[in-house]
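Reading the structure
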Amino acid sequence: MSSIKTKQEDIIEEFSMFDDWMQRYEYMIELGKSLPIIDEKYKTEDNIIKGCQSRVWLYAEMDENQKIEYTADSDAIITKGIIAILIRVFSDEKPEHILEADTDFIDEIGLKEHLSPTRANGLVSMIKQMKMYAIAYNSQQNQA
Amino acid sequence: MINTSEQILDVEKIRQDFPILQREINGKPLVYFDNAATSQTPKAVIDCIVDYYENKNANIHRGVHSLSQIATDAYENARETVRKHFNAKSANEIILTAGTTHSINLVANGYSHFLKSGDEILVSAMEHHSNIVPWQMLCNKTGATLKVIPMLNNGELDLQVFDDLLSERTKMVFVNHVSNALGTINPIEEIINKSHKVGAKVLVDGAQAAPHLKADVQALDVDFYTVSAHKICGPTGVGMLYGKEELLNELPPYQGGGEMIAEVSFEKTTYAGLPHKFEAGTPNISGGIAFGAALDYMNAIGFDKIADYEMQLLVYATKALEEIEGVRIYGAKPEKKTAVLSFNIEGIHPYDIGTLLDKMGVAVRTGHHCAQPIMSFYKIPGTVRASFSFYNTISEIDVFISALKKAKSMLS
Ligand SMILES: Cc1ncc(COP(=O)(O)O)c(C=O)c1O
């Protein structure tokens, strides 16, 4: 199994231990509080993803092992919690693996509603933006 | 307090009229406090729509056959119900539209033929985006200048600045009767009087007022008044533009098509008279008829009773909310607004509160409520808005308050 898939399975497993929505959300709020994991200097207009409901900042860098490190933040804590999960899954991975991966595991942990475009919390655009970074770094590598 | 409020209206009986109020959300009984976005629909209105398709469906204003006549009569009766409700002089002054947004665009488009550079139009800082953007487009097209009537910290308009802004250059003034984000009831009588003194026309967006109070367009002497049926127990996608007959006569048609013509040849088309001149194409027939049924339903309960009852809900909820530490309520005191509570809890994002309340079955609106200038004024990303209707209860407010406390403790 790919490392992304393994991480997703781990998260599904963790969430399966919760009995109800309240425990799930308490956990996400905890995760959210462990953010920001973005350097203040990257919280710029350029890196902002404007949702109607909450705002998200996203930044990405390539490390020496040719893996992408994502950092992000949001002004809403539940949005932050989901960002924390997405970053755990996609960060420290090679661009080509990020591009192959999907986010179906979010449905399985009962958070699907947060990835609905009509919710306008910036998360859908954030995932798109994560993939855009992967495309950009991927083509950079191919050229090098 | 609880007893008196139950006495004004028989709420338990009223709730039986609304099938949706019996349903559950996320395993909890629905507490619907997003009435300012759209109201729920009573059985009488739903039945009216079903009855139309089962018994009356035909195109209107164009058939000699009986069914077409039946449908036309039902539609025109609804127009008459709307006329009576808002006390317009003539049914010619009631244009049935797709809602407030459509009504406003219709007027804005019409005035694009009359305005020119140097003219000024005034818009309040408290408007819904649908009462801002069409006027910006109008100004871009005509070269007229858009000026803003600012608001004060207490959620009211700054009428002193309004006085200063008014001049003989002012051609039009746009203001909502009630603010959707804050619930403030604006002093539209004064605004209309003063605007008329300099010769300006006034459009009042009544979308948020109509569910709570009955506007009399003749007493107000307002030039244009707009309403959406879906906020007053009616269906979505239908509404009203009221306009004084002489003004509507001057305005060119908005859309061309069937229904709005008298005679058509390729050389020249003459337009139909009011109100049909502004009703091109087959309208939302069932929606129009149901709009009438919705007003009948609300009038049978009585707007005075509705207002008194909603005020009790608002006072009760305001008091309970103020007792929660860190709560800031935006906008006016209960006496100066409709049953809307727009608030934040210190250090907590409205999106987080809305998400957790939903999990507990409570539907509120969060965000900027299509009124970003108000949010910029208060320097906040948005608010949580709980808006009440006459079918809500004190015990639902108790559920909301305890859910809010729970959400707060989870988030702090
Ligand atoms: C004050 C105000 N104006 C205009 C509108 C737009 O109404 P509609 O979407 O029905 O056209 C709304 C509805 O949210 C409103 O609250």
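These figures come from a predicted structure and were not determined experimentally. (Residues numbered from 1 in each chain as written. Chains lettered and ligands numbered in written order. Predicted model: local features only at pLDDT ≥ 70, side-chain atom pairs only at ≥ 80, totals over all residues. Heavy atoms only, no water.)

1. Concerning the overall build of chain A
- Counting its regular elements, chain A contains six helices and three strands.
- Secondary structure elements in chain A, listed N-terminal to C-terminal, are α-α-β-β-β-α-α-α-α.
- For 144 residues, the compact-globule estimate of 2.2 N^0.38 gives 15 Å, and the C-alpha radius of gyration of chain A, at 15 Å, lies within 12% of that figure.
- A buried classification covers 47% of the 144 residues belonging to chain A.
- Once local pairs closer than 6 in sequence are excluded, the contacts in chain A between residues at least 24 apart make up 62%.
- For chain A, the accessible surface area stands at approximately 7,300 Å², while carbon and sulfur atoms represent 48% of it.
- Positive and negative side-chain charges of chain A, numbering 16 and 27 respectively, have mean locations separated by a distance of 4 Å. (Helix = DSSP H or I, 4+ residues; strand = E, 2+ residues; numbered from the N terminus. Rg over C-alpha atoms; globule rule 2.2 N^0.38 Å. Buried < 20%, exposed > 50% of the residue type's maximum accessible area, 1.4 Å probe, protein only. Contact = heavy atoms within 4.5 Å. Areas by Shrake-Rupley, 256 points an atom, 1.4 Å probe, with all protein chains shown as cover. Lys, Arg positive; Asp, Glu negative; His and termini not counted. Charge placed at Lys NZ, Arg CZ, Asp CG, Glu CD.)

2. Concerning the pattern of salt bridges
- In the structure shown here, the tally under the stated rule is 25 salt bridges over all chains.
- Two residues, glutamate 40 of chain A and lysine 43 of chain A, come together in a salt bridge whose shortest N-O distance is 4.0 Å.
- Overall, lysine 43 of chain A belongs to the partly exposed group, its relative accessible area being 27%.
- In this structure, the salt-bridge partner of aspartate 47 of chain B is lysine 43 of chain B, at a minimum N-O distance of 2.9 Å. Note that aspartate 47 of chain B and lysine 43 of chain B are positioned in helix 3 (residues 43-56) at a spacing of four residues, about one turn of the helix.
- A relative accessible area of 35% places aspartate 47 of chain B in the partly exposed class.
- In this structure, a network of salt bridges that share partners links the residues Glu40, Lys43, Asp73 and Lys80 of chain A. (Salt bridge = Lys/Arg side-chain N within 4 Å of Asp/Glu carboxyl O.)

3. Concerning the packing of aromatic side chains
- This structure, assessed with the given rule, holds 20 aromatic pairs over all chains.
- With centroids separated by 6.0 Å and ring planes inclined at 65°, the aromatic side chains of tryptophan 21 of chain A and tyrosine 25 of chain A adopt a geometry described as edge-to-face. Highlighted residues: tryptophan 21 of chain A and tyrosine 25 of chain A, both in helix 2 (residues 21-33), separated by four residues, approximately one helical turn.
- Measuring from ring centre to ring centre gives 4.9 Å for tyrosine 52 of chain B and tyrosine 53 of chain B, while their planes differ by 80°; the resulting arrangement is edge-to-face.
- An aromatic cluster is present here, built from Phe18, Tyr297, Phe390 and Tyr391 of chain B joined pairwise through their rings.
- The positively charged end of lysine 43 of chain A is found above the aromatic ring belonging to tryptophan 57 of chain A, 4.6 Å away from the centroid. (Phe/Tyr/Trp six-rings, centres within 6.5 Å; stacked < 30°, edge-to-face > 60°. Lys NZ or Arg CZ within 6 Å of the ring centre and 35° of its normal.)

4. Remarks on the site of the ligand
Residue and element names in this part refer to chain B.
- Contacts to the ligand come from Thr100, Thr101, His128, Ser130, Asn180, Asp205, Ala207, Gln208, Ser228, His230 and Lys231.
- Within the side chain of aspartate 205, an N or O atom sits 2.5 Å from a nitrogen atom of the ligand.
- Note that an oxygen atom of the ligand is positioned 2.6 Å from one of the side-chain N or O atoms of glutamine 208.
- Residues belonging to the shell around the ligand are distributed by class as follows: one nonpolar, eight polar and two charged. (Near = heavy atom within 4 Å. Polar contact = N/O pair within 3.5 Å; in protein donor to acceptor, adjacent residues only side chain to side chain. Nonpolar A, V, L, I, M, F, W, Y, C, P; charged D, E, K, R; others polar.)

5. Observations concerning the interface of chain B and chain A
- Listed per partner, the contact involves 15 residues of chain B and 18 residues of chain A.
- Counting the surface chain B buries against chain A, the share from its top three residues, Tyr351, Lys359 and Met410 of chain B, is 42%.
- On inspection of chain B and its partner chain A, the count reaches one salt bridge.
- Here glutamate 113 of chain A ties to lysine 359 of chain B by a salt bridge, and the two come within 3.3 Å at their closest N and O atoms.
- Contributing elements (two or more residues each) for the side of chain B that touches chain A: helix 13 (350-359), strand 16 (365-367) and helix 15 (394-411) of chain B.
- The leading source of residues in the side of chain B that touches chain A is helix 13 of chain B, at five residues.
- A breakdown of the residues in the side of chain B that touches chain A according to their chemical character gives five nonpolar, six polar and four charged. (Buried area = accessible area lost by both parts, 1.4 Å probe.)

6. Some points on the confidence of the model for chain A
- For chain A, per-residue confidence averages 89 on the pLDDT scale, and 97% of positions sit at 70 or higher.
- Looking at the elements of chain A, mean pLDDT is at its lowest for strand 1 (residues 48-50) of chain A, recorded as 81, and at its highest for helix 4 (residues 95-100) of chain A, recorded as 95. (pLDDT = per-residue confidence, 0-100.)

7. What to know about the sheet that holds strand 6 (residues 145-149) of chain B
All names here are of chain B.
- Strand order in the open sheet made by the seven strands is 4-10-9-8-7-5-6, with mixed pairing throughout. Whereas interior strands pair on both sides, the edge strands pair on one side only; in this sheet they are strand 4 (94-97) and strand 6. Neighbour to neighbour, the strand axes of the sheet diverge by 20° on average, direction disregarded.
- As judged from the four bridges shared by strand 5 (residues 120-124) and strand 7 (residues 170-176), these two strands associate in the parallel manner. What sits directly across from isoleucine 121, in strand 7, is methionine 172.
- This element, helix 4 (residues 66-86), spans strand 4, strand 9 (224-228) and strand 10 (239-243) of the sheet and lies at about 120° to strand 4. (Pairing = 2+ DSSP bridges. Axes fitted to C-alpha atoms, helices over the stretch in contact; angles between N-to-C directions.)

8. Some words on the environment of phenylalanine 86 of chain B
Residue and element names in this part refer to chain B.
- As for its position among the elements, phenylalanine 86 is in helix 4.
- The exposure class assigned to phenylalanine 86 is buried, which follows from its relative accessible area of 1%.
- Along the chain, phenylalanine 86 and valine 217 lie 131 residues apart, while their C-alpha atoms are 6.0 Å from each other.
- Those residues in contact with phenylalanine 86 that sit more than four places away from it in its chain are Ala215, Asp216, Val217, Tyr225, Val227 and Met240.

9. What to know about the state of the cysteines
All names here are of chain B.
- Under the definition given, this model contains zero disulfides over all chains.
- Distance from the sulfur of cysteine 48, which forms no disulfide, to the nearest cysteine sulfur (cysteine 233) is 13 Å.
- Looking at cysteine 48, the relative accessible area reads 15%, which means it is buried. (Disulfide = S-S within 2.5 Å.)

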